Amino acid sequence: RAGGGVVQQNIYSIAVFTALTDLKARKNNLEYLPEDIGELEHLTALDFSSNDVRWIPNSFSKLVKLTLLDARNNQVFELPPLFGHCS
């Protein structure tokens, strides 16, 4: 969801949503998170539970305002090296 409505077109860069604070993408058969997710500097909550995500991009460590993360029921085997530096 973006701007109160459902996005009806393909989006090639998630970074266009610069003011996004809460992203819910559960149960969408996602296989990966986009590398530019780290550009969402205002993101405080991210739910990508119940997908098929296998890796989390290194840019994830730039999400310093993230306080809520739900990544349950995915296939993530390894976290980015700087993952522990998130607040």
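In what follows, the accompanying structure is described.

Reading the values: rules and limits
Residues numbered from 1 in each chain as written. Predicted model: local features only at pLDDT ≥ 70, side-chain atom pairs only at ≥ 80, totals over all residues. Heavy atoms only, no water. Pairing = 2+ DSSP bridges. Helix = DSSP H or I, 4+ residues; strand = E, 2+ residues; numbered from the N terminus. Axes fitted to C-alpha atoms, helices over the stretch in contact; angles between N-to-C directions. Core = buried A, V, L, I, M, F, W, Y, C linked by side-chain atoms within 4.5 Å. Buried < 20%, exposed > 50% of the residue type's maximum accessible area, 1.4 Å probe, protein only. Contact = heavy atoms within 4.5 Å.

Take the sheet that holds strand β1 (residues 22–24) next. The parallel open sheet is built from 3 strands, whose spatial order is β1-β2-β3. With one partner strand each, in any of the chains shown, β1 and β3 (68–70) form the two edges of the open sheet. Averaged over all pairs of adjacent strands, the angle between their axes in this sheet comes to 5°, without regard to strand direction. Note: strand β2 (residues 45–47) against β3, 3 bridges, orientation parallel. Residue Leu46 lies in a different strand from β3, and its bridge partner there is Leu69.

Ranked by size, the top nonpolar core spans 14 residues in total, and within it Leu40, Leu43, Leu46 and Phe60 carry the most contacts. If we ignore the near neighbours within four places in the chain, the residues touching Leu43 are Leu20, Thr21, Asp22, Leu23, Leu63, Lys65 and Leu66.

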